[in-house]
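Here are the chains, one letter per residue:
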Amino acid sequence: MNGTGAVDVAVVGLGFGEDFLPLYAAHPSVGEVGIVDQSRERLTEVGDRHGIAARFTDIAEVLADARWDAVHILAPVAFHSSYALAVLRAGKHCACAVPMASEIADLHAIVAAQRESGKNYMMMETAVYGREYLVAEEMYRKGELGGLTFYRGYHIQNLDGYPEYWRGYPPMKYITHALSPILALTGNTVADVTAYGSSKLTADRVGSYDNPFPLQVGLFRLADSDVVADVTMSFFQTARSYVEGFSVYGDRQSLEWSGAPGEAMRLFELQPAGPAESPKGSRGRHARESVLEPPDYAHRLPEQLARFVRTYTLESHDGGPVTTKTAGHGGSHPYLVHEFISSIVEERPPAIDAVTSAAWTAPGIVAHESALGGGERLAGPSFDG
Ligand SMILES: NC(=O)c1ccc[n+]([C@@H]2O[C@H](COP(=O)([O-])OP(=O)(O)OC[C@H]3O[C@@H](n4cnc5c(N)ncnc54)[C@H](O)[C@@H]3O)[C@@H](O)[C@H]2O)c1
């Protein structure tokens, strides 16, 4: 931290990472923002657009410089675990895009490195700060959903034409957007997993991973709970527009949200039994259906960040035009930045700390193993203690 107590942050990887630059720049507790990208061209283009002077082509330059308090990793997945370990071991706070890592041993290593460093680690899970999750959480906490009966999560995205490292990627290893809402809602972990692969990757889509499946489906039994979560993940060969959503079913009310851009959340309210309430007389209870428009909850953010939750304008520092942007991932990005920075300033663990991040990532890695084993039931690893 510099003399003013502000946090100096470096953002590594300027694809998705570019979206976070105006948020760090606007945050009242952030001092300087630096950028790292191995592509010099990208570094110049993004640095000029955002008026950022501190530019590096190698994360090692940031790690060697005591000026940087925190690093946010948004480089490709293969770098997540080694960079997180390097950041923590350099004595800096670490935020990282999902997934935390792709192997169980790496999750344990990051949890251990976080403990040893005493610095903060936060996985930047967009799915638990989007407005659709926030409204579900508020309704659950108020008891409006009643007791939870079931959860379904889904992430179907077509990765044909994405960078080469995505070819054949095991969908379950990217489970966090589809699974974390139920784990965040209940505070539970996963007790055990049974998963299957469905269909077969075409020969041209098989990558360097041990994965023959375009789609994987899993059942995740929650620990200390009677609830089972059903999660579907697909990256190839599924004819569906992009969905990244969840449905949560209670014994009083339920929410269904496809997660497709522009598709509304639907609310179901179970009506009392009896002829007066149900079109079918006493057979079955009618569920009244309506569209739910989630609020923004922007009052939870500092005023400098509140404007980034829906549609916002950005001035360009390179003489380009003012652009209008739609906030991605349900407006979650400013919340993630605020939580990460606040946790550092307030010297407390972030909401998605290292143990929580590992507990939300591991079930997908285990599910992939289960699917390779033809649906073998496997225990979810523990990261406590
Ligand atoms: N909702 C979400 O949470 C969400 C959404 C999109 C992407 N992501 C994650 O964010 C990360 C970045 O995604 P992306 O689509 O921008 O990836 P990308 O492959 O497009 O790469 C982003 C940038 O990283 C740079 N880069 C590559 N290797 C680097 C290295 N070793 N050091 C520094 N820079 C490097 C590239 O030049 C590029 O500019 C991924 O891990 C992805 O899984 C998360």
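Residue indices follow the written sequence of each chain, beginning from 1 at its first position. Since the coordinates come from a predicted model, pLDDT governs what is reported: local features require at least 70, and pairs of side-chain atoms require 80 or more to be given and counted, while whole-chain, interface and lining totals use all residues. Water and hydrogen atoms play no part in the side-chain values, which are based on all heavy atoms of the structure.

Another aspect to go through is the overall build of the chain. Secondary structure elements follow DSSP: runs of H or I of four or more residues count as helices, runs of E of two or more count as strands, with numbering from the N terminus. Helix and strand content of the chain: ten helices and 17 strands. We compute the radius of gyration from the C-alpha atoms alone; for a globule the expected value is 2.2 Å times N to the 0.38, where N is the number of residues. Taking 385 residues into account, the globule formula puts the C-alpha radius of gyration at 21 Å, and the chain, at 22 Å, falls close to it. Here the C-alpha coordinates of the chain stretch approximately 70 × 45 × 45 Å along the principal axes. Exposure is judged per residue with a 1.4 Å probe applied to protein chains only, and the accessible area is read against the type maximum: over 50% gives exposed, under 20% gives buried, and values in between give partly exposed. For the chain, the residues scored as buried account for 53% of the 385 residues in total. Counting only contacts in the chain whose residues sit at least 6 apart along the sequence, the fraction spanning at least 24 positions is 66%. Per-residue and other accessible areas follow the Shrake-Rupley method at a 1.4 Å probe size, with only the shown protein chains counted as cover for residues. Total accessible area computed for the chain in this model is approximately 16,600 Å², and 50% of it derives from carbon and sulfur atoms. None of His or the chain ends enter the tally, which takes Lys and Arg as positive and Asp and Glu as negative. Charge positions come from single atoms, namely NZ of Lys, CZ of Arg, CG of Asp or CD of Glu. Side chains of the chain carry 31 positive and 47 negative charges; the gap between the two charge centres is 5 Å. In what follows, residue pairs with any heavy atoms lying within 4.5 Å of each other are defined as contacts.

The next thing to look at is the site of the ligand. Whether a residue is near a molecule or strand is decided by its heavy atoms; if any one of them lies within 4 Å of it, the residue is near. Phe16, Asp37, His80, Tyr83 and Tyr165 are the nearest of the 24 residues found near the ligand. Burial of the ligand by the surrounding chains reaches 84%, relative to a free accessible area of 860 Å². Here the term charged refers only to Asp, Glu, Lys and Arg, the term nonpolar to Ala, Val, Leu, Ile, Met, Phe, Trp, Tyr, Cys and Pro, and the term polar to all other amino acids, Gly among them. Grouping the constituent residues of the shell around the ligand by class yields 14 nonpolar, eight polar and two charged. Segmentation into domains, and thus their bounds, comes from an automatic or database assignment. The residues that make up the shell around the ligand include at least three from each of domain 1 (7-127 + 301-354) and domain 2 (128-298 + 362-379).

Time to look at the nonpolar core. The set of buried Ala, Val, Leu, Ile, Met, Phe, Trp, Tyr and Cys residues whose side-chain atoms join them within 4.5 Å is what this entry labels a nonpolar core. The biggest cluster of nonpolar side chains holds 118 residues, and the ones touching the most others in it are Tyr24, Tyr121 and Phe220. Per-element tally for this core: the top contributor is helix H10 (residues 354-372), with nine residues. When we break this core down by domain, the ones giving at least three residues each are domain 1 (7-127 + 301-354) and domain 2 (128-298 + 362-379). Residues contacting Phe220, with those up to four places away along its chain left out, are Met172, Ile175, Leu179, Val190, Asp192, Val193, Val227, Val228, Ala229, Val231, Pro363 and Ala367.

The rule is short: rings of Phe, Tyr and Trp, with Trp giving its six-membered ring, pair when the centres are within 6.5 Å, and they are stacked under 30 degrees, edge-to-face over 60, tilted in between. Within the structure shown, the criterion is met by 16 aromatic pairs. Ring geometry for Phe16 versus Phe20: centroids 5.2 Å apart, planes at 80°, classification edge-to-face. Classification of Phe16 by relative accessible area gives partly exposed; the value is 35%. We classify Phe20 as buried; its relative accessible area is 1%.

On to the domain arrangement of the chain, then. For the chain, the assigned domains read domain 1 (7-127 + 301-354) and domain 2 (128-298 + 362-379). Computed over C-alpha atoms only, the centres of domain 1 and domain 2 are separated by 27 Å. Counting residues at the interface gives 27 residues for domain 1 and 24 residues for domain 2. Put simply, buried area is the surface a 1.4 Å probe can reach on two separate parts but cannot reach once they are joined, added for both. Note on domain 1 versus domain 2: buried area summed over both sides is about 2,100 Å², and carbon and sulfur give 56% of it. For domain 1, the biggest contributors to the area lost against domain 2 are Ala127, Arg310 and Tyr335; these three give 28% of the whole. Salt bridge, as used here, is a side-chain nitrogen of Lys or Arg placed within 4 Å of a carboxyl oxygen of Asp or Glu. Lys173 is paired through a salt bridge with Glu103; the nearest N and O atoms lie 3.1 Å apart. Polar contact is the term for a pair of N or O atoms within 3.5 Å; when the atoms are in protein, one must be able to donate a hydrogen and the other to accept it, and sequence-neighboring residues count only if both atoms are side-chain atoms. Where domain 1 meets domain 2, there are 16 residue pairs in polar contact (both at pLDDT 80 or more). The set of elements that each furnish at least two residues to the side of domain 1 that touches domain 2 consists of helix H5 (104-117), strand S6 (121-123) and helix H9 (333-345). The element best represented in the side of domain 1 that touches domain 2 is H9, accounting for three residues. Here the residues of the side of domain 1 that touches domain 2 are counted per class, giving 17 nonpolar, six polar and four charged.

Turning our eyes to something else, we now look at H10. To estimate how far a helix should extend, the number of its residues minus one is multiplied by 1.5 Å. If you check H10, its first and last C-alpha atoms are 27 Å apart, about what 19 residues at 1.5 Å a residue would give, namely 27 Å. Thr361 marks the point of greatest bend in H10, at about 25°, and the proline Pro363 comes within the next four residues. Counting buried positions over the 19 residues of H10 gives 15, a clear majority of the element. Positive phi shows up at Gly374, right after H10, with a value of about 70°. Bending is quantified residue by residue as the angle between axes fitted to the seven-residue window ending at that residue and the seven-residue window starting at it.

Note on terminology: pairs of cysteine sulfur atoms within 2.5 Å are recorded as disulfides. Counting across every chain of the model gives zero disulfides. No disulfide involves Cys94; its nearest neighbouring cysteine sulfur is the one of Cys96, lying 5.6 Å away. Looking at Cys94, the relative accessible area reads 0%, which means it is buried. Exposure remark for Cys96: the relative accessible area of 0% places this residue in the buried category.

Before going further, it helps to spend a moment on the pairing of strand S9 (residues 215-222). Along a regular strand, successive side chains alternate from one face of the sheet to the other. Sheet topology places strand S8 (residues 190-198) next to S9; eight bridges connect them, and they run antiparallel. If you follow Asp192 over to S9, its bridge partner there is Arg221. When DSSP finds at least two bridges between two strands, those strands are taken to pair. Relative to strand S10 (residues 228-234), S9 runs antiparallel, the two sharing seven bridges. Residue pairing across strands places Leu215 opposite Ser234, the latter belonging to S10. Here S9 folds back onto S10, and the loop between the two strands holds five residues, one of which, Asp224, carries a positive phi near 55°.

Let us look at the packing of helix H4 (residues 80-89) against H5. One can describe the packing of H4 onto H5 by two numbers: an axis separation of 9 Å at closest approach and a directional angle of 10°. Classified by the angle their axes make, H4 and H5 are roughly parallel. For the pair H4 and H5, the contacting residues are Ser81, Ala84, Leu85, Leu88 and Arg89 in the first and Asp106, Ala109, Ile110, Ala113, Gln114 and Ser117 in the second. Axis definition: a line fitted to C-alpha atoms, over the contacting stretch in the case of helices. Angles run 0 to 180 degrees between N-to-C directions. In what follows, roughly perpendicular refers to angles from 65 to 115 degrees, roughly parallel to angles under 35, roughly antiparallel to angles over 145, and oblique to any angle outside these ranges.

Structurally, Ser198 is set in strand S8. Distance in space between the C-alpha atoms of Ser198 and Gln216 is 5.7 Å, their sequence separation being 18 residues. Those residues in contact with Ser198, other than ones at most four positions away along the chain, are Phe213, Pro214 and Leu215.

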